[in-house]
Amino acid sequence: MAEISKNKGKNIVVKGEGKTTANKETRDELEKERLRQILHMKDDEKKLDFILNSGQVKDCNLSLPYRTQLSSDRWNLFLRAGFEMNNLLGYLKDFENIRVAVVVNVYDKGGHEFEMMLKKWVIGNDYFFVLNRGWFNFCDQHLLKEDDVIAIRTFRHRISMKLSFLVTYKKC
């Protein structure tokens, strides 16, 4: 037997047979909210024109941001498995072996360049990516600390073709 109820006075939710489904209006509202969040990025991410206008990004191909909260380890930036799907696939070249390490350039929102290493660490069945050898310097220069939130975007440098990242941040 289906049960119809109002969710916070605006969305109609139909419950029945162990499933909860939202009507088309609710799905449309959720999709609009998702798109609104993408279009209205945080203030620090709106200032990306410099990196696109400076001619550094090959074919203006900049990945969507991968957001993460900083840990107390200022020597390494740990990036979980979701980072690979959204930010590495399509950008890595066949000859780049991130299990060994790949030298990358990291840019801040002011266009300053930091050379770092990107590695893939495998521990048992789990793996994650680590950005280091320069991450401490980046954190130090930007006064980043534990719990600050960063957004990292991937691109290929137009001239050097080097794998590169743009890091923006929100201080807590």
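Source: prediction; values computed, not measured. (Residues numbered from 1 in each chain as written. Predicted model: local features only at pLDDT ≥ 70, side-chain atom pairs only at ≥ 80, totals over all residues. Heavy atoms only, no water.)

Draft legend 1. A look at unusual backbone geometry. Unlike most non-glycine residues, A101 shows phi in positive territory, near 155°. Position of A101 relative to the elements: it lies in the loop between α3 (82-88) and β6 (102-107). Judged by its relative accessible area of 22%, A101 falls in the partly exposed class. We note that L143 has phi near 55°; this positive angle belongs to a residue other than glycine. With respect to the secondary-structure elements, L143 resides in the loop between α4 (135-142) and β9 (149-156). (Helix = DSSP H or I, 4+ residues; strand = E, 2+ residues; numbered from the N terminus. Buried < 20%, exposed > 50% of the residue type's maximum accessible area, 1.4 Å probe, protein only.)

Draft legend 2. Quick peek at the side chain of R156. As for its position among the elements, R156 is in strand β9. Using a relative accessible area of 7% as the deciding quantity, one classes R156 as buried. Polar side-chain contacts of R156 include one of 2.6 Å to the backbone oxygen of Y91. In this structure the side chain of R156 is engaged in a polar contact, spanning 2.5 Å, whose partner is the backbone oxygen of M161. (Polar contact = N/O pair within 3.5 Å; in protein donor to acceptor, adjacent residues only side chain to side chain.)

Draft legend 3. Main features of the sheet that holds strand β8 (residues 126-132). Taken together, 7 strands build an open sheet; the order of strands is β4-β9-β10-β6-β7-β8-β5 and the sheet is mixed. Either end of the sheet is taken by a strand with one partner, and the two such strands are β4 (66-69) and β5 (77-79). Averaged over all neighbouring strand pairs, the angle between strand axes comes to 35°, with direction disregarded. The pairing of β6 with strand β10 (residues 163-170) spans 3 bridges and is classified as parallel. Opposite N105, over in β10, you have S164 as the bridge partner. α4 rests against β5, β6, β7 (113-123), β8 and β10 of the sheet, and its axis sits at about 125° to β7. (Pairing = 2+ DSSP bridges. Axes fitted to C-alpha atoms, helices over the stretch in contact; angles between N-to-C directions. Contact = heavy atoms within 4.5 Å.)

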